[in-house]
Each structure stands twice: as C-alpha cells, then as structure tokens.
Amino acid sequence: MSGQPVLAEDGLSSTAARGFDVEGVRRDFPILQRSVNGKPLVYLDNAATAQKPQVVIDAITRFYSHENSNIHRGVHYLSERATAAYEQAREKARGFLGAKESREVVFVRGTTDAINLVAAGYLRPRLREGDEILVSQMEHHSNIVPWQLAADERGAKIRVLPMTESGELKVEELDALLTKRTRLVAVAHVSNALGTVNAVRDIASAAHERGIPVLVDGAQAAPHLPIDVQQMGCDFYCLSGHKMFGPTGIGVLFGRAELLEAMTPYQGGGDMIRTVSFERTSYAPIPTKFEAGTPNIAGAVGLAAAIDYLSAFDWNALTGYEDEVLRYAHETIGAVPGVRIIGTAEHKTAVLSFLLEGIHAHDIGTIVDQDGIAIRTGHHCAQPVMDFYGVAATARASFALYNTKDEVDILAAGLRRVREVLG
Amino acid sequence: MSDLRELYQQIILDHNRAPRNFKEIDGANRVADANNPLCGDKFKLYIRVSDGVIEDIGFQGSGCAISKASASLMTSAVKGKTTAEAEGLFDAFHHLIMGSDAEGDAKVLGKLAAFSGVREFPARVKCATLSWHTLRAALAHTENTVSTE
C-alpha cells in the first residue's frame, strides 16, 4: 500500500479531496443497487469476477442491437462496422497495456487461455528434457498447470521461486534459480490469494540478463494498477476482461511481436490462415494467426468499453482510494477477535485473506452471506499458497473501486456474528 | 437469521465443537479417505466390520462445522448397526438432504434430522453428505478418495 492518507483541512480524506467520488462510481454499477437475503449487497468477491458498469452492459447491447455481424470477411456494411469495432477494441487494449503495436495484442478467452496459448505455441516446441520453467510460490493454478502439462510431456521440470511468511517473493534467490536450463519465467503481477504486488520489473530484468523470456499473469493487476508492458519489460502479459469490469469470455494476451511471429499457431481454423490446400497451409500474420474461428466480438466491444471506463479515472486517485480502503480493512478486520490475516506484504492491493480461529472458512462464507456479504472461501485456486501457510482454506475479501469503508464495517460486524453463531 | 439457526442447529454446533468417535480405532478393517479440496474438508474414516456388523467406527481430519458434525453424527448413528441398516440410514439421510420431504423419516433418522436445514443451502449439501459417501465407499472397499464436489 503506497502512502498514508492525508487529511485535508476540511476533514475530507485525501481521496475525496482529489475527487474520487465513490458514491458516483457506485451508481455506475446497477447490480450494486440490489439486495441479497434482504440486505444491501456487499460485494467483496471482486478477485473472482468484478461487476459491470452500465456503459459496458450498454456497449454489448448496442453492438448486438445495431452492429452485429462477423468480422474480417464480409464486404457489407455491418461486417465492416463489426470489424472496425473489433479492431478498435484491440487498439484500446494496446493503449491500456502500453504495448508498442496493436498486432502484439491477441484476443483470447481470458488469462487461462492466454497462458495455455503461450505454453502450446511458445514453450512446447522449445522445451527439451531437463529444461526448467520457473514459477513463483504464489501462482494461481492457471499459471502452474499449463506449464506442468508441457513439462510432463517433455521431461522438463517446474522450479519454484519461494516467498516469505508475509507473502513476498524472495527475489534475491533468482540468481540461483535462473539456470542455463530455464526456458521461461512465469509470475503473477498481483497474487489472487494474498494481494501481493510482485516486483515484476526486477524479475524481468534478472531473467533477461540471461536471455530468458518472462510471462506476467496480470489478471489481478489490471483492475487496480496502471500497466506498462514496455516499462515492465515482460515478453508476455495476460489479462481477463471480466476481472476489470468487462464481460466474461474475453481476455488479452500481449506478446512481443518477434516472439509471437516465431510461435506456432495455438488452434487451427478459419480466420487464422492465409491460404489453405490439402497439402499445406500458410498462416495469417500476427495477431490473427492466434485467433482461429469467429472470436468473441461482442466481448471485445464490451472490454473496450471497460477499458474506456477504467481509463477515465485518474490512476493516482483510484489507487489512493483503493489503498485507503484496503488499509482500513486490514485494521478493522484485523481487530476482530480471532482473526489472522494471511498475506501482509508491504506492497499489496485489493485482497484481504484471513482465518477466523477455530472456524472453517466455509462456515464464515455461509453466515456472512445471510448479511448480503459476498466473499470467497476455499483455496482460491492457489493450493501451494494454502500448503505454505498450512491451511486448507481461507476466507477472502477482495475489493474494487466501488467498495467502501462502510462495507468493511459490515463485514467486520458479520465476522463478529459468525463467532456468536458458532461460538 | 432463522435460516441460519435451521442450518446450525444446536446439536450440529455441539458435535462440531466436541466431535464423537474422533479417533483412529483399533483393528480397523475398512478405511477410506474423504476430500473436498475446494472447501478444504479432509477426513479419514476407520471402520471395524465383523459378521456384517459395524463394531466400531472413528474418523479424523478437519473441515467445516457441517461436514465435521455430520461425520460425528454419522459415526454415532451407524455404530453397532449392520451394514444393511447403515445403507438404509444413508438412503434416509440422502432423502432428507436432497428430497422433497422436509421432515424426513424422523423415526429412522433420529438426531440426524438436525440436518434438515441443509436443503436451504445448496452449496452446503456436499459438506453434509461427504462422510456418508465415505462410509459407503469404505464398506464397499473402494480405494479411491471420496469427494462430493
């Protein structure tokens, strides 16, 4: 969490003074008006999926109502409109990521799909027996299993960059872990289970000194942090639309052009070819080479609207506000008797994982749901993280730009009630 | 709140706090593992069966209040019963949790009727039924770990 909140002279917090109007933001998200179990919805499961602002919902409806057509093939008016909307979405994603060229932006189903694409198209053909892939100890299963599948097939192995008790990667151990056999480094920008913001720039530069490419899983970073892939120096960056206020089923793989060009296609089909005969096929240039079949056009349009929505905020105001809410959550939830917070890295965002002494996370989830509070309970698709802390499951509150300190208070009251019920 | 009290009935809270038969038993001849990894419920069930009678039964492990209380009450209910009677209890319990009859067969179920509230919480059905499926697997000598997820 960066910086302490500064109180302005009129008593307003610094973010209010800088003009982050959370009540206005909340009005942008229609689902936040509904109630659950007779209580106002307190949605704290944003790391699983974020809610959608009206502008995203409208963009998808508008596309299907007025512009729907297939892309890259029709000469008719609607096809041209749809193609333009799809390619405009690609350009917006390029801008959002700070990529040099829009052909470095591949539309995929989501982060998982992006990682599998890199595993199949980049890693597999280059992987030999005895080679190594370095991942971190705090990875989501989607940044472990695709590499494992490739490693098992080739007799390669996964090595692990460890973390400290507070949930920070031991970057100083990179020197020993990056070897002549390391073919790829794969690391989360932000941990979904702990909220740690990793030093991806340092990791990329250490790997690059040895000529090793780096993939960054940005699924949890995209809704919270400004991203600049060039400054970060990563070779691949993956994100999911639905975690950044866009629709499900659309995501982005950024890849450096020279790497994408050298890669084999992921899936074969229509749209990804230049010429096809029964003897041989030549492929379309990047990024089309990786977009076989009719893509999620409306999803790309919805993602573009989400990027527009997110980009309209001042990043300093947004991150300042989110940091303030997270810091308040650490203090307030941490003060509930019996709570142990899991993940206390110095630099973290948006995620608060915790245990309640003697009470299983699943019971916590059910009981606070009666208060309209949505949190995640379980292993968060990060079993190695659970193993590290010696727990089977945690409860996780994850925040977005529309969450408030009042909602943190409601969660704290809910947790006190959990203790009463199961006491 | 009333729904919560229906789910976490006093007897369930009691068996969660102080589970019965919570130990590895002597001379177990049937053992089965239960694991719902998404929830983090993990138990091991030990049974000693002789001449078709469950002479002793115990369990160890960790899980949520519902899964733990269910394992505790299940072991209490089937101890001393024939395997056929245990199968009958499995069916009655399954009907209570999944069926349309809100009361269940009270005479057959006894204390197990405390789980009637689970039907209102579909996400928790797998917690309540985990130990029962594990019992069935142990009696059938199934070696795979049981999961209800």
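Peer 1: Can you walk me through the sheet that holds strand 9 (residues 236-240) of chain A in this structure?
Peer 2: Note on sheets: strands pair through backbone hydrogen bonds, and any given pair is parallel or antiparallel. Residue and element names in this part refer to chain A. Strands sit in the order 4-10-9-8-7-5-6 across an open sheet of 7 strands; the sheet is mixed. The open sheet has two free edges, formed respectively by strand 4 (105-108) and strand 6 (157-161), since each of these has just one partner strand. Ignoring which end each strand starts from, the neighbouring axes of this sheet average 20 degrees apart. Two elements, strand 5 (residues 132-136) and strand 6, share 5 bridges in a ladder whose sense is parallel. Directly across from E132, in strand 6, lies its bridge partner K157. In the packing of helix 6 (residues 145-154) onto the sheet, contacts are made with strand 5, strand 6 and strand 7 (182-188), and the angle to strand 6 comes to roughly 140 degrees.

Peer 1: It is not clear to me how the nonpolar core should be interpreted in this structure. Could you clarify?
Peer 2: In a soluble, globular protein the nonpolar side chains are often hidden away together inside. Residue and element names in this part refer to chain A. With 172 residues, the main nonpolar core has C234 and V301 as its most contacted residues. Among the elements that line this core, the one with the most residues is helix 11 (residues 297-311), at 11 residues. If we ignore the near neighbours within four places in the chain, the residues touching C234 are V200, A204, V214, L215, V216 and V229.

Peer 1: So what exactly am I meant to see when it comes to unusual backbone geometry here?
Peer 2: Comment: phi is negative for the bulk of residues other than glycine, and the bulk of peptide bonds are trans. Residue and element names in this part refer to chain A. Here I286 and P287 are connected by a cis peptide whose omega angle stands at 0 degrees. Mapped onto the elements, P287 comes out in the loop between strand 12 (281-283) and helix 11. Backbone geometry at A350 places phi at a positive 65 degrees, although glycine is not the residue there. Structurally, A350 can be placed in the loop between strand 13 (339-342) and strand 14 (351-356).

Peer 1: Sorry if this is basic, but what is going on with the pairing of strand 2 (residues 41-50) of chain B here?
Peer 2: All names here are of chain B. Looking at chain direction, strand 1 (residues 30-36) and strand 2 are connected through 7 bridges and run antiparallel. Note on strand 2: the bridge partner recorded for V31 is Y46. Once strand 1 ends, the chain turns through 4 residues before running back antiparallel as strand 2, passing G40 with a positive phi of about 90 degrees.

Peer 1: Explain helix 4 (residues 77-97) of chain A here, please?
Peer 2: Each turn of an α-helix holds 3.6 residues, which means side chains three or four residues apart point in the same direction. Residues and elements named next belong to chain A. The first and last C-alpha atoms of helix 4 sit 30 Å apart over 21 residues, in line with the 30 Å expected at 1.5 Å per residue. Burial in helix 4 covers these residues: A82, A85, Y86, A89, R90, K92, A93, F96 and L97. Angularly, the buried residues of helix 4 cover 160 degrees about the axis, an arc narrow enough to put them on a single face. The exposed set on the far side of helix 4, more than 90 degrees from its buried face, consists of Y77 and A84. Looking at the packing, one finds that the buried side of helix 4 touches helix 3 (54-67), strand 4, helix 9 (229-232), strand 9, strand 10 (251-255) and helix 11. Where helix 4 terminates, the next one or two residues include G98, which has phi positive at roughly 70 degrees.

Peer 1: Could you clarify how one ought to interpret the sheet that holds strand 13 of chain A in this entry?
Peer 2: Residues and elements named next belong to chain A. Read across the open sheet, the 4 strands follow the order 13-14-17-16; overall the sheet is antiparallel. Strand pairing shows two members of the sheet lacking a second neighbour, strand 13 and strand 16 (376-378), which therefore form its edges. Each neighbouring strand pair of the sheet contributes to a mean axis angle of 30 degrees, computed without reference to strand direction. Pairing analysis gives 4 bridges linking strand 13 to strand 14, with the strands arranged antiparallel. Among the inter-strand pairings, I341 is bridged to a residue of strand 14, identified as F354. Its contacts with the sheet put helix 13 (residues 361-369) on strand 14, strand 16 and strand 17 (394-398), and the angle it makes with strand 16 is roughly 155 degrees.

Peer 1: Would you mind showing me how to read the pairing of strand 4 of chain A here?
Peer 2: Side-chain direction in a regular strand flips from residue to residue, so the side chains alternate between the two faces of the sheet. Residues and elements named next belong to chain A. Neither face of strand 4 is exposed, since V105 and F107 on one face and V106 and V108 on the opposite face are all buried. Bridge analysis of strand 4 against strand 10 gives 4 bridges, and the strand direction is antiparallel. Bridge assignment links V105 to a residue of strand 10, and that residue is F254.

Peer 1: For this particular structure, what's the right way to read the confidence of the model for chain B?
Peer 2: Note: predicted coordinates in regions of low pLDDT should not be interpreted at a detailed level. All names here are of chain B. For chain B, per-residue confidence averages 91 on the pLDDT scale, and 95% of positions sit at 70 or higher. Mean pLDDT across the secondary structure elements of chain B bottoms out at helix 5 (residues 106-109), with 81, and peaks at helix 3 (residues 65-78), with 97. Per the prediction output, this complex has pTM 0.92; the corresponding ipTM is 0.87.

Peer 1: For this particular structure, what's the right way to read the packing of helix 5 (residues 111-126) of chain A against helix 6 of chain A?
Peer 2: Each pair of packed helices can be described by the angle between their axes along with the distance between the axes. Residue and element names in this part refer to chain A. Relative orientation of the contacting elements helix 5 and helix 6 amounts to 30 degrees, with a least axis distance of 9 Å. If you check the angle between helix 5 and helix 6, you find them roughly parallel. Along this stretch, helix 5 crosses helix 6, giving a crossing that reads as right-handed. Of the residues in helix 6, those in contact with I115, N116, A119, L123 and R124 of helix 5 are P146, W147, L149 and A150. For the contact of helix 5 with helix 6, the class distribution of residues is 7 nonpolar, 1 polar and 1 charged.

Peer 1: What is the right way to read helix 6 of chain A from this model?
Peer 2: All names here are of chain A. The complete set of buried residues in helix 6 reads P146, W147, A150 and A151. Buried residues of helix 6, viewed axially, fall in a sector of 130 degrees; they line one side. Turned more than 90 degrees off the buried face of helix 6, the exposed positions are D152 and E153. G155 occupies a position one or two residues after helix 6 and carries a positive phi of about 75 degrees.

Peer 1: Hey, could you run me through the environment of B:L112 in this one?
Peer 2: With respect to the element layout, B:L112 can be found in the loop between helix 5 and helix 6 (125-139). Residue contacts for B:L112: discarding those within four places in its chain leaves B:L73, B:A77 and B:F93.

Peer 1: Mind showing me how you'd approach the packing of helix 4 of chain A against helix 11 of chain A here?
Peer 2: Residues and elements named next belong to chain A. The contact between helix 4 and helix 11 brings their axes to 9 Å, and the two run at 40 degrees. For the element pair helix 4 / helix 11, the angle class is oblique. Regarding helix 4 and helix 11, the two cross each other, and that crossing is left-handed. In this structure, helix 4 uses A82, A85, Y86, Q88, A89, K92, A93 and F96 to contact helix 11, whose residues at the interface are I297, A300, V301, L303, A304, I307, D308 and S311. Its residues placed into classes, the contact of helix 4 with helix 11 shows 12 nonpolar, 2 polar and 2 charged.

Each value, and the rule that gives it
Residues numbered from 1 in each chain as written. Chains lettered and ligands numbered in written order. Predicted model: local features only at pLDDT ≥ 70, side-chain atom pairs only at ≥ 80, totals over all residues. Pairing = 2+ DSSP bridges. Helix = DSSP H or I, 4+ residues; strand = E, 2+ residues; numbered from the N terminus. Axes fitted to C-alpha atoms, helices over the stretch in contact; angles between N-to-C directions. Contact = placed C-beta atoms within 7 Å. Core = buried A, V, L, I, M, F, W, Y, C linked by C-beta atoms within 7 Å. Buried ≥ 20, exposed ≤ 12 C-beta atoms within 10 Å, placed from the backbone. Expected span 1.5 Å × (residues − 1). Arc of directions from axis to C-beta. pLDDT = per-residue confidence, 0-100. Parallel < 35°, antiparallel > 145°, perpendicular 65-115°, else oblique. Left-handed = near helix turned anticlockwise from the far one by under 90°. Nonpolar A, V, L, I, M, F, W, Y, C, P; charged D, E, K, R; others polar.

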